[in-house]
There are 2 protein chains.
Amino acid sequence: MTAPRPLPDGVAGRGVPADQAAVRRGNLGRVLRLLRDEGPRSRARIAEETGLNKATVSSLVAELADRGLVTAGDVHRGGSVGRPGLPVQLDGRAVCAIGVELNVDFVAILVLNLRGEVLFEQRMALDVPALGAEATLDEVARLVQQARDTVRDAVPVGLTVAVPGLVRSVDGVVSLAPNLGWRDVPVLEGLAARLGPGCPVRVENDANLSAIAEWATGPEARTPDLVYLTGEVGVGGGLIVDGRLLRGTAGLSGEVGHTPLGDPDVVCGCGRRGCWETAVGLGALLRAAADPDDPVRDSTRDLEVRLAEIAARADAGDRRTLDALRQVGRALGTGAAVLINLVNPAVVLLGGYFAVLGRFLVEPMTAELQDRVFGPDLAGARVVLSELGFTAAVRGGAHVALETVFDDPTRVPPRAS
Amino acid sequence: MTAPRPLPDGVAGRGVPADQAAVRRGNLGRVLRLLRDEGPRSRARIAEETGLNKATVSSLVAELADRGLVTAGDVHRGGSVGRPGLPVQLDGRAVCAIGVELNVDFVAILVLNLRGEVLFEQRMALDVPALGAEATLDEVARLVQQARDTVRDAVPVGLTVAVPGLVRSVDGVVSLAPNLGWRDVPVLEGLAARLGPGCPVRVENDANLSAIAEWATGPEARTPDLVYLTGEVGVGGGLIVDGRLLRGTAGLSGEVGHTPLGDPDVVCGCGRRGCWETAVGLGALLRAAADPDDPVRDSTRDLEVRLAEIAARADAGDRRTLDALRQVGRALGTGAAVLINLVNPAVVLLGGYFAVLGRFLVEPMTAELQDRVFGPDLAGARVVLSELGFTAAVRGGAHVALETVFDDPTRVPPRAS
DNA sequence: CCTAATTTGTTTACCCGACCGACGAATAGC
DNA sequence: GCTATTCGTCGGTCGGGTAAACAAATTAGG
């Protein structure tokens with residue numbers, strides 16, 4: 001009931017026949033996207049840039065305004081000759097979208113308005129494995145309610161939960177999240193029941209959502225083919241192909257961490273041998289860079305502080321640290337080469353600790369890529385560091401929900417006035 | 001000029017605004033696809049199954065009939081009560097599509113009608129590397145002309161050329177085809193000039209087209225997520241995600257052969273070390289299975305005969321042959337595991353020599369997969385052997401061209417009558 | 001044999017949305 | 001002030017999907 005329509009995809013859903021209402025929805029969304037991506041502009045320019053008729057644009061803008069999604073913009077006097085246009089701009093205030101990240105020791109929430117501006121942000125320490133699924137969902141529902149109370153004037157159009165594990169996104173069941181100790185937890189169902197109707201809930205893998213966030217807002221926004229790699233204790237991946245998230249049949253694509261690319265003699269936490277994350281995970285770096293009793297290997301300390309220490313040592317020219325980073329960088333290149341050969345992306349985006357220590361990793365990584373990638377000039381791929389930090393997953397979650405408005409602006413009801 | 005519209009994708013192209021003509025095109029295609037996939041049926045049933053209005057379906061069917069794409073089917077008397085429906089069926093005769101495969105020592109051509117039935121098929125020995133690009137294209141054009149003369153009553157809607165190498169599908173330039181000795185050859189331009197307008201030409205990687213063929217006609221037709229692996233001298237791959245071919249930014253996705261998954265000490269023909277095809281390519285199998293002077297390693301002999309000999313030895317219980325097959329099967333599993341972890345397909349399809357010797361390879365391969373794939377039950381993936389044999393690429397090529405008719409049936413002009 | 005019931009396919013009127021041409025409005029340049 | 005230019009809207013047109021009515025073709029049953 002709270003579940004969204006089958007799969008908001010584009011103008012014309014796969015199985016549903018197209019009628020003219022679909023055309024209208026598509027064109028409304030097209031105008032809205034143009035205003036989001038290119039900024040305020042007059043109706044005449046919108047018509048010119050979309051290829052739609054002037055009259056049609058007027059009608060579309062009027063409808064969007066009625067739904068509170070656009071407003072009149074500031075008039076820029078003194079351009080060229082002729083009657084100046086009345087600018088139309090995206091009005092973000094009417095709606096908002098919520099992203100939630102569930103992780104081992106915290107829950108984070110982020111609320112964006114339609115323009116992608118942050119309305120509310122909070123991060124709360126929470127021992128999720130100890131609490132269990134039900135109590136955690138109670139806690140999440142409480143946090144969401146608090147956020148909704150804070151941004152009272154904006155109607156929430158959707159909520160997306162990021163979970164570190166395997167997620168069947170069709171029904172929002174977390175089939176396996178080892179770090180949380182969860183197995184077959186119906187997160188969507190549980191949250192939908194707690195939050196009531198009116199705010200569709202989605203559940204998605206955290207790395208996938210981070211990839212979407214980078215695609216939507218990062219320095220490489222809207223790159224049609226993007227591979228996202230994030231380094232934490234494990235290694236996560238998200239693939240965006242042709243502007244769409246690659247989910248796979250069972251919704252569990254992008255599991256790069258346990259790909260057999262590492263040393264076949266090293267045993268991984270998952271029990272297998274030679275998993276890639278034994279070569280590029282945080283553990284691999286720390287083992288190579290420091291002795292077991294070194295404070296940077298104390299997992300009770302804050303990760304960002306420890307990473308800063310490692311960066312400082314590398315900057316100071318510490319041999320062992322530099323060697324460890326070089327080694328991880330090369331291993332990163334080996335795996336990334338596989339990805340580039342397979343999906344031929346325009347950008348490989350590094351997130352998590354890869355981004356923090358990126359300036360030491362990129363050079364050995366690209367050296368390895370140059371050896372390994374088939375095709376000239378890395379097959380057109382560039383390695384880029386994420387700038388979103390640790391909020392990528394919640395941002396991506398909120399953006400997924402926002403996107404439904406651009407897919408079909410008629411979801412937002414017309415103003416009663 | 002002969003190049004098709006930007007990229008025939010679906011009802012609503014990405015950038016093009018939707019108008020009601022697009023709705024019409026989409027609905028025409030929907031009806032046509034239904035008749036292709038589910039067989040002949042009455043207008044009433046079509047209306048019921050597509051969700052379109054009865055009157056709309058009548059109008060759509062009339063237009064399709066006018067374009068020669070459907071005809072009245074055989075009346076099945078004696079069903080239930082009420083007026084019996086007049087069946088409508090796909091009429092394949094009006095149009096045809098051409099697939100051409102360019103390879104090292106042959107050129108193959110296949111012409112399909114709209115129903116996917118073979119109208120014309122030919123395979124011609126040709127020493128492409130010796131002949132050079134221009135003379136080869138002359139030869140191809142001659143072959144195409146011959147095919148068109150043979151199937152005179154069907155209008156060709158498109159032609160797709162399969163090339164073993166890196167292809168920029170946007171402009172049909174073969175940027176690198178080592179086996180042909182080609183580099184930056186404008187195949188599309190050259191063929192379009194030779195064939196004249198009226199028959200849009202596409203150029204695509206051969207493994208990609210084989211993947212499409214399997215997706216379109218194989219035992220696993222229409223599986224939304226499919227990974228295709230073909231073993232020849234090298235190893236090729238094609239990925240179909242969400243029912244669409246994954247091409248990548250530079251159009252050179254699926255280059256699995258030179259992925260660093262093999263023994264890092266073995267040098268590949270490409271000059272790199274540890275390429276996967278050094279472990280699973282035909283050469284790897286032959287080296288492991290037979291001495292250098294063994295007749296099965298005589299590359300001047302026909303490949304199918306040699307493969308049959310290997311199969312016979314394995315059936316006879318020859319230890320060395322069985323060990324070699326087991327070893328290749330395991331290496332196949334290692335690489336396939338990477339693909340499954342990344343893309344999470346429903347089916348991994350084996351083509352080329354993998355299919356011929358499949359019964360010996362599948363068991364060690366799946367054993368390896370069970371160890372390597374993250375997620376329960378191989379993440380939902382099944383290993384399937386191709387049944388298309390060596391015609392997969394031409395079939396896929398013809399199907400790509402056919403698909404444009406289902407995307408937009410108005411491409412086929414109405415009958416003059 | 002004839003009628004009622006049922007299902008099919010077409011016809012008619014209608015609605016909705018995009019498109020086109022024309023027109024008033026607002027502005028710069030002269 | 002006048003003209004050229006551009007903007008936004010209005011009325012009309014066209015195309016396509018929808019709904020309801022209706023004729024046609026068949027089975028069931030007396």
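Residues numbered from 1 in each chain as written. Chains lettered and ligands numbered in written order. Predicted model: local features only at pLDDT ≥ 70, side-chain atom pairs only at ≥ 80, totals over all residues.

(A) Spatial organisation of the protein's contact with DNA strand C. The full set close to DNA strand C counts 31 residues, and Ala55(A), Arg83(A), Ser58(B), Gly82(B) and Arg83(B) are the nearest of them. Within the residue set of the surface near DNA strand C, elements represented by two or more residues are helix H1 (20-38) and helix H3 (54-66) of chain A together with helix H2 (43-50) and helix H3 (54-66) of chain B. No other element matches H1(A), which puts 5 residues into the surface near DNA strand C. Class assignment for the residues of the surface near DNA strand C results in 11 nonpolar, 13 polar and 7 charged. (Near = placed C-beta within 6 Å. Helix = DSSP H or I, 4+ residues; strand = E, 2+ residues; numbered from the N terminus. Nonpolar A, V, L, I, M, F, W, Y, C, P; charged D, E, K, R; others polar.)

(B) Structural detail: the protein's contact with DNA strand D. Around DNA strand D sit 29 residues in total, of which Ser58(A), Gly82(A), Arg83(A), Gly85(A) and Arg83(B) are the nearest. Elements supplying a minimum of two residues to the surface near DNA strand D: helix H2 (43-50) and H3 of chain A together with helix H1 (20-38) and H3 of chain B. Element by element, the count of residues in the surface near DNA strand D is highest for H1(B), at 5 residues. Among the residues forming the surface near DNA strand D, the class breakdown is 10 nonpolar, 13 polar and 6 charged.

(C) Layout of the relation of the copies chain B and chain A. When chain B is fitted to chain A, the best match, at an RMSD of 0.1 Å, comes from turning it 180° and sliding it 0.0 Å along the axis. The transformation relating the two chain copies, once decomposed into turn and shift, fits a two-fold axis. The residues that chain B uses at the interface reappear at the interface of chain A in 98% of cases, marking a shared surface. (Least-squares fit on C-alpha atoms with pLDDT ≥ 70 in both. Contact = placed C-beta atoms within 7 Å.)

(D) The environment of Gly29(B), seen in detail. With respect to the element layout, Gly29(B) can be found in helix H1. C-alpha of Gly29(B) to C-alpha of Ser210(B): the two residues are 181 residues apart in sequence and 24 Å apart in space.

(E) Focus on the UniProt feature "domain: HTH marR-type" (unreviewed entry) in chain A. The sites that carry the UniProt feature "domain: HTH marR-type" (unreviewed entry) are, in the present numbering, residues 30-72 of chain A. In residues 30-72 of chain A, helix accounts for 70% and strand for 12%; the two terminal C-alpha atoms are 18 Å from one another. (UniProt positions renumbered as here; feature names shortened; annotations may be inferred.)

(F) Broad picture of H1(A). All names here are of chain A. Taking 1.5 Å per residue, 19 residues should reach 27 Å; H1 reaches 27 Å between its end C-alpha atoms and fits that length. What H1 keeps buried is the set Ala22, Val23, Gly26, Asn27, Leu28, Gly29, Arg30, Val31, Leu32 and Leu35. Glycine 39 occupies a position one or two residues after H1 and carries a positive phi of about 90°. (Expected span 1.5 Å × (residues − 1). Buried ≥ 20, exposed ≤ 12 C-beta atoms within 10 Å, placed from the backbone.)

(G) Examining the interface of chain B and chain A more closely. Of the residues lining the interface, 47 residues belong to chain B; the matching set on chain A comes to 46 residues. Of all the secondary-structure elements, those providing two or more residues to the side of chain B that touches chain A are H1, helix H11 (319-343) and helix H13 (358-372) of chain B. Residues of the side of chain B that touches chain A, tallied by class, amount to 23 nonpolar, 17 polar and 7 charged.

(H) Inspection of the sheet that holds strand S9 (residues 173-177) of chain B at higher detail. All names here are of chain B. Spatial ordering of the open sheet is given by S8-S9-S10, a layout of 3 strands whose pairing is antiparallel. In this open sheet, the two strands that pair with only one neighbour each are strand S8 (166-168) and strand S10 (182-186). Direction aside, the axes of adjacent strands within the sheet are offset by 10° on average. Helix-sheet contacts for helix H6 (residues 187-195) involve S9 and S10, and the interaxial angle to S10 is about 45°. (Pairing = 2+ DSSP bridges. Axes fitted to C-alpha atoms, helices over the stretch in contact; angles between N-to-C directions.)

(I) Representation of the domain arrangement of chain A. Residues and elements named next belong to chain A. Segmenting chain A into domains produces domain 1 (20-90), domain 2 (95-209 + 394-411) and domain 3 (219-387). Distance between the C-alpha centres of domain 2 and domain 3: 26 Å. Listed by partner, the interface residues are 9 residues for domain 2 and 11 residues for domain 3. For the side of domain 2 that touches domain 3, the secondary-structure elements that each account for two or more residues are strand S8 (166-168) and helix H7 (206-217). Grouping the constituent residues of the side of domain 2 that touches domain 3 by class yields 4 nonpolar, 3 polar and 2 charged. (Domains from an automatic or database assignment.)

(J) Main features of the pairing of strand S5 (residues 106-113) of chain B. Residues and elements named next belong to chain B. Across the 8 residues that make up S5, a large majority, 7, are buried. Bridge count between strand S4 (residues 95-102) and S5: 7 bridges; the pairing is antiparallel. When the bridges of S5 are listed, leucine 102 appears paired with valine 107. Counting the residues between successive antiparallel strands, the hairpin from S4 to S5 contains 3 residues. Here S5 pairs with strand S6 (residues 118-125) via 7 bridges, running antiparallel. Bridging across to S6, valine 111 finds its partner in phenylalanine 120. The turn joining S5 and S6, which pair antiparallel and follow one another in sequence, is formed by 4 residues; a positive phi near 85° is taken by glycine 116.

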